[in-house]
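Chain residues, written in single-letter form:
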2 protein chains.
Amino acid sequence: MIAQKQIKQSAYNSDGFIKKYQRLIKEEVLPYQYGVLCDQAEGAEKSHVIANFINAGKALRGEDPQDGFYGMVFQDSDAAKWLEAAAYSLTVFPDKELEKIADDLINIIEEAQDSDGYLNTRFTISEKEKRWQNLHEAHELYCSGHMMEAACAYYEAVGKDKLLKIMLKNADCIYNRFIIQKKGGFPGHPEIELALMKMYRVSGDIKCLELAKYFINERGRDTHFFENEAKSRDWTVWGSNPSDLDYMQCGKPVREQSIATGHAVRAVYLYAGMAELAAETDDTELFSACRRLWDSITKRRMYITGGIGSTVLGEAFSVDYDLPSDTAYAETCASIGLMFFASAMLRNEINGEYADICERAFYNGVLAGMQLDGKRFFYVNPLEVIPGISGESPTHRHDLPQRPKWYACACCPPNVARLISSFGKYAYGENANTVFCHMFASGNVKFENGVEIKCSTNYPYGFEINYSIIKGGKKIAIRIPKWSKTFSVKINNKIEQVKPEKGYVFINASDGDEIVLTLDEAANFVYPSPRIPRLTGSIALCRGPLVYCFEGVDNDNDILSLKINTKEAPKASDYDNGLLGGVSTITVSALRTGDTDDLYFDEEPDEKRCSAIAVPYYTWGNRGINQMRVWMPRT
Amino acid sequence: MIAQKQIKQSAYNSDGFIKKYQRLIKEEVLPYQYGVLCDQAEGAEKSHVIANFINAGKALRGEDPQDGFYGMVFQDSDAAKWLEAAAYSLTVFPDKELEKIADDLINIIEEAQDSDGYLNTRFTISEKEKRWQNLHEAHELYCSGHMMEAACAYYEAVGKDKLLKIMLKNADCIYNRFIIQKKGGFPGHPEIELALMKMYRVSGDIKCLELAKYFINERGRDTHFFENEAKSRDWTVWGSNPSDLDYMQCGKPVREQSIATGHAVRAVYLYAGMAELAAETDDTELFSACRRLWDSITKRRMYITGGIGSTVLGEAFSVDYDLPSDTAYAETCASIGLMFFASAMLRNEINGEYADICERAFYNGVLAGMQLDGKRFFYVNPLEVIPGISGESPTHRHDLPQRPKWYACACCPPNVARLISSFGKYAYGENANTVFCHMFASGNVKFENGVEIKCSTNYPYGFEINYSIIKGGKKIAIRIPKWSKTFSVKINNKIEQVKPEKGYVFINASDGDEIVLTLDEAANFVYPSPRIPRLTGSIALCRGPLVYCFEGVDNDNDILSLKINTKEAPKASDYDNGLLGGVSTITVSALRTGDTDDLYFDEEPDEKRCSAIAVPYYTWGNRGINQMRVWMPRT
């Protein structure tokens, strides 16, 4: 049973904090990233993405494929993610020019599709004989999945079905190989599962559902599949180990899995697909596996920022409670994938826990991935950066004190763009009788079930959320976040005693009703489980959904000598429009330890009382290279 | 000018704590390790060391070299380190049987030496044409160095010069290549430098001094040497990168170096050789470089245990202040090398700082390397072990919660054996007018300058050190450790006001004098520099030279939820002969945080007052697998 579903992309007309970000995507990120795809962005590494599609078209027409293929084996997916983001953006900011660019790109993609529906420039420009020989590494299904997502998004956003038809033909090609010809196998990098579920929902094509089900059920069944596949060919992409099953979440059938392992992005993409399938097919066994994996992540393997995959080795989940701040990997894409997983879980079950994590990941793990001007991006999101060590120490090479411009392996920036542009889908949901406000986001929402609301709020810096019911007649379910120790609900100016059920208050909404939710605006200290060795004796600071951090620039360029006094309540400042794109800072009482040239000393050091200032984690690293720390020693 | 020198091995007749360890080496370690060399030790990996020497002899005589060479390219050095340890041990525990075994081994080694003096089984059993082609990786000079050290030790200990002659012939062979034929180059792994300095001192052969000087001055002069060497041959040992100059301390001439970099054992072996040469040749420029490197290590890159080389990647020094407890490398051999370096610095300059570090490394970083029964050994010495993470997390694979039996690359166990067996050389020193007590070690000492003393103490668990002057007439210089906040000196039962100069009190010693030094016996909290990010907000616990740690077994199997109350003074227990081979424990006041299933929570957790028990760091991991932590959060 589908508990509720995401709203349509066009249903949400954003405003406020989210709109500001969506405008950044529109004005900075999409043009820059398109420039990258065309190899015309200044200072960026060569991408060649669009040239690859053009060259594939030439190869198919028997023409000279010019300079051939360039880039990673999954280079095509950059075009797909850009197209998906552009599609979402077009519903927020209609733009004929951008639509023309997208249409032109879709035409180029059409030309790159083989007659049997196969679509992948790497194995079309040359070496066609290598198609499907390397499901382990070659990312053909991964690239198809991303393009399917783009196709669904573009169809939903603009109403044009050319790319959707291309990808339905591509799905047929895949169906033919895996279902009709029973050639066996499953993707090394999961992604197509959740994409096929989208294709099924948008097109109604049952073959997409069948294929998703096949890939999910096939995964981990034959644990020697990739080994045998490797033996049967004489080439490799990276020489990856086909026996590293945990890395690819295929050590056992997915229904038997309980522990989130391996490459974190692969993991959450897979789990999201599983949860979508479980909801769509009422598969309680599969949902139970999803729930176990959800608990494995959120109760034992997740940073306070919603970052997941704590180790650089394999960009992977480590073991339980191994959550180092300074050597964290916590890839931006993994937090995005965690939002996908959370949203898919909400399709199965109304439970605020999922939306809590979705919100945590968005405002911290995801937003931190992009510089405030939209021009630089983090893959890796440490919770502590100390210049001189971060990016320098052999074990901290991946933890950079500054967002780089672009990456040769450019998965995160377009992923951020598509996520932010489709924020409404994660913020609002609906079923026949109820509309759901999972996250608080200003703007108008027109639900398919007829309800229409307008939300006004300064969230995440204002804690009053106003809902005007433009068209009612159904229930409105509003999430009460777990972090809000108190809350109040006013309906038409009268306080109502409403009790949350599984994290939501349910209110009958009539036309013209005004509902005001007031959440707890206090800044809070957050304590870590004593089972996390790296965090013992330390505290973090949160306000609403935002995790805060301390940066050197606000604290005399030395945060290492600060200990936070938790006996005095933290104080949030008024909203400062001029700072870091608009933030409230938090001031706390602290002790500063005197410095010394000795490494170790046996006299208790001098400590001076002082105050310390924290800023939202997602804004860190926007004022030059300096120290940053989320978890601070406590006194 | 030589400020003072190590005593002769035979000068110190040990007693007490040290004798107990030396007996362990004699009774457990030497027999077991000899069994390993012969491939007759139960449960140990194949070593083949002695077989290699036998086979090399056969090859030289034109016989069939049987099963050829087996093992690492530096396998020969295991025999050398064992022989050196056995030599030292023979002065403490004369043993005709052991001496016979050593003599027989030396005969086998003699047979393995080529007519030109070349000695290395790897390139004698076969592939002679590869000799000297790979100074970068092939460890020929390293193996020679270790055998030279064994030769000096055996000659000093037993008076037999066969091995010394073998190694003088080997030195001639090296001299011929590098000095006479000017073939160029220097060792990838320093070691022979300090060994040649020993050879020079024992034999007086000026060629050894010249060679040491050559290798030290040549190092880092031609920064392309290893690259060119690699280009001129068609083979490699491990495919090591010949351009990774920092790893091998050859990025610039050693006199210009200021920062301790790269593989930590290589580094301190080199620096020890440099310091020996500086003292021997009055080379103040070289000594200045040694002093800068000393400061780089001890002021910015050393664990409280005297462990150095904090990262597993390259077994190397990281950057300043990057001293993680849980992912530490801190190889046992590196702490041993740090003792060599300290001792060599004392040859240049009387300064208690060197002996302080020497003692710190010995009682913590070195002794922790061996299980109390002498049967298991750590390479890697973390300052925190949490079963479930340590040895399991991808970034903690090297940090084991239990000492393994033996290693295929077996450098540490025989290194511990030779260090402990020659402890007197580090504890006592002398020059014409003065005898030096650098460390406190029960036993009789007969100095070359005629002085004879007897030291009685229960150190490191008793803090009264009694010196009976059997033969005086010179000064006795006794170190006052920096950790001792107070001290008193009684001479013939009368308290004397003596003021330390550079960490030593100087006393005129006459025959029959009784000198009693009383050091501070209080247990102390030790605070880390706020520049060490991983240690902010935490404290350690020390008493005398011993660093303490908390183990789960003494603390309800959960040390992660403990915070130490530094407002109450720690209390040392009486010496308990039955615990951990005889220790004093320390009890501190603590708070225990309540456990929770949540990763993060915003209510201040319950905390209960309790006491916590610490044991000496060197004894950890002797009571089964359990949690261990040196640095504890502080309240």
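Residues numbered from 1 in each chain as written. Chains lettered and ligands numbered in written order. Predicted model: local features only at pLDDT ≥ 70, side-chain atom pairs only at ≥ 80, totals over all residues. Heavy atoms only, no water.

Draft legend 1. A look at the relation of the copies chain B and chain A. When chain B is fitted to chain A, the best match, at an RMSD of 0.0 Å, comes from turning it 180° and sliding it 0.0 Å along the axis. On the angle and the small slide along the axis, the relation comes out as a two-fold axis. Taking C-alpha positions as the reference, the residue of chain B nearest the rotation axis is Thr635 of chain B, at 3.0 Å. Same-surface contact between copies: 100% of interface residues of chain B are shared with the interface of chain A. (Least-squares fit on C-alpha atoms with pLDDT ≥ 70 in both. Contact = heavy atoms within 4.5 Å.)

Draft legend 2. Focus on the sheet that holds strand S6 (residues 443-446) of chain B. All names here are of chain B. Spatially, S2-S6-S7-S8-S13-S10-S11 is the arrangement adopted by the 7 strands of the open sheet, whose pairing is antiparallel. Each end of this open sheet is capped by a strand with a single partner; those strands are strand S2 (12-14) and strand S11 (494-496). On average, each strand axis in the sheet is inclined to that of its neighbour by 20°, with strand direction left out of account. Pairing between strand S10 (residues 487-491) and S11: 3 bridges, direction antiparallel. Within S11, the position partnered with Lys490 by the bridge is Ile495. (Pairing = 2+ DSSP bridges. Helix = DSSP H or I, 4+ residues; strand = E, 2+ residues; numbered from the N terminus. Axes fitted to C-alpha atoms, helices over the stretch in contact; angles between N-to-C directions.)

Draft legend 3. Representation of the packing of helix H12 (residues 284-300) of chain A against helix H14 (residues 352-366) of chain A within the structure. Residue and element names in this part refer to chain A. Relative to each other, H12 and H14 sit at 45°, their axes nearing to 12 Å. Between H12 and H14, the crossing angle belongs to the class labelled oblique. For the pair H12 and H14, the sense of crossing is left-handed. Contact residues: Phe287, Arg291, Trp294, Asp295, Thr298 and Lys299 in H12; Glu353, Tyr354 and Ile357 in H14. When the residues that make up the contact of H12 with H14 are grouped by side-chain class, the tally is 4 nonpolar, 1 polar and 4 charged. (Parallel < 35°, antiparallel > 145°, perpendicular 65-115°, else oblique. Left-handed = near helix turned anticlockwise from the far one by under 90°. Nonpolar A, V, L, I, M, F, W, Y, C, P; charged D, E, K, R; others polar.)

Draft legend 4. Looking closely at empty space enclosed by the protein. Roughly 460 Å³ of volume is contained in the largest cavity. Together, 27 residues line the largest cavity, and Arg534 and Thr536 of chain A together with Arg534, Leu535 and Thr536 of chain B are the ones closest to its centre. Listing elements by their share of the lining of the largest cavity, those giving two or more residues are strand S23 (632-633) of chain A together with strand S23 (632-633) of chain B. Tallied by class, the residues present in the lining of the largest cavity amount to 11 nonpolar, 8 polar and 8 charged. (1 Å grid on protein atoms, 1.4 Å probe; cavity = no way out; pocket = protein on both sides within 12 Å on 5 of 7 lines; lining within 4 Å. Points joined across faces, edges and corners; volume = space filled by probe spheres on them.)

Draft legend 5. Molecular detail of the pairing of strand S14 (residues 523-528) of chain B. Of all 6 residues in S14 of chain B, 6 are buried; the element is thus mostly enclosed. Here S14 of chain B shows a buried face lined by Ala523, Phe525 and Tyr527 of chain B and a second buried face lined by Asn524, Val526 and Pro528 of chain B. With 2 bridges connecting them, strand S20 (residues 600-601) of chain A and S14 of chain B associate as antiparallel partners. The residue bridging Tyr600 of chain A from the neighbouring strand is Pro528 of chain B, located in S14 of chain B. In the sheet, S14 of chain B pairs with strand S15 (residues 538-543) of chain B via 4 bridges, with the strands oriented antiparallel. Looking at the pairing, Ala523 of chain B lines up with Arg543 of chain B of S15 of chain B. (Buried < 20%, exposed > 50% of the residue type's maximum accessible area, 1.4 Å probe, protein only.)

Draft legend 6. Broad picture of the side chain of Asn449 of chain A. Residues and elements named next belong to chain A. Mapped onto the fold, Asn449 is located in the loop between strand S6 (443-446) and strand S7 (452-457). At 2.8 Å, the side chain of Asn449 forms a polar contact with the backbone oxygen of Asn431. Only 3.4 Å separates the side chain of Asn449 from the backbone oxygen of Thr434, close enough to count as a polar contact. Ignoring anything within four residues of it in the chain, the contact list for Asn449 reads Glu430, Asn431, Ala432, Thr434, Val435 and Lys474. (Polar contact = N/O pair within 3.5 Å; in protein donor to acceptor, adjacent residues only side chain to side chain.)

Draft legend 7. Structural view of the environment of Arg534 of chain B. Mapped onto the secondary structure, Arg534 of chain B falls in the loop between S14 and S15. Residues Arg534 of chain B and Thr281 of chain B, 253 residues apart in the sequence, show an inter-C-alpha distance of 42 Å. Ignoring anything within four residues of it in the chain, the contact list for Arg534 of chain B reads Asp326, Thr327, His396 and Arg534 of chain A together with Leu323, Pro324, Asp326 and Thr327 of chain B. A distance of 2.7 Å separates a polar atom in the side chain of Arg534 of chain B from a polar atom in the side chain of Asp326 of chain A.

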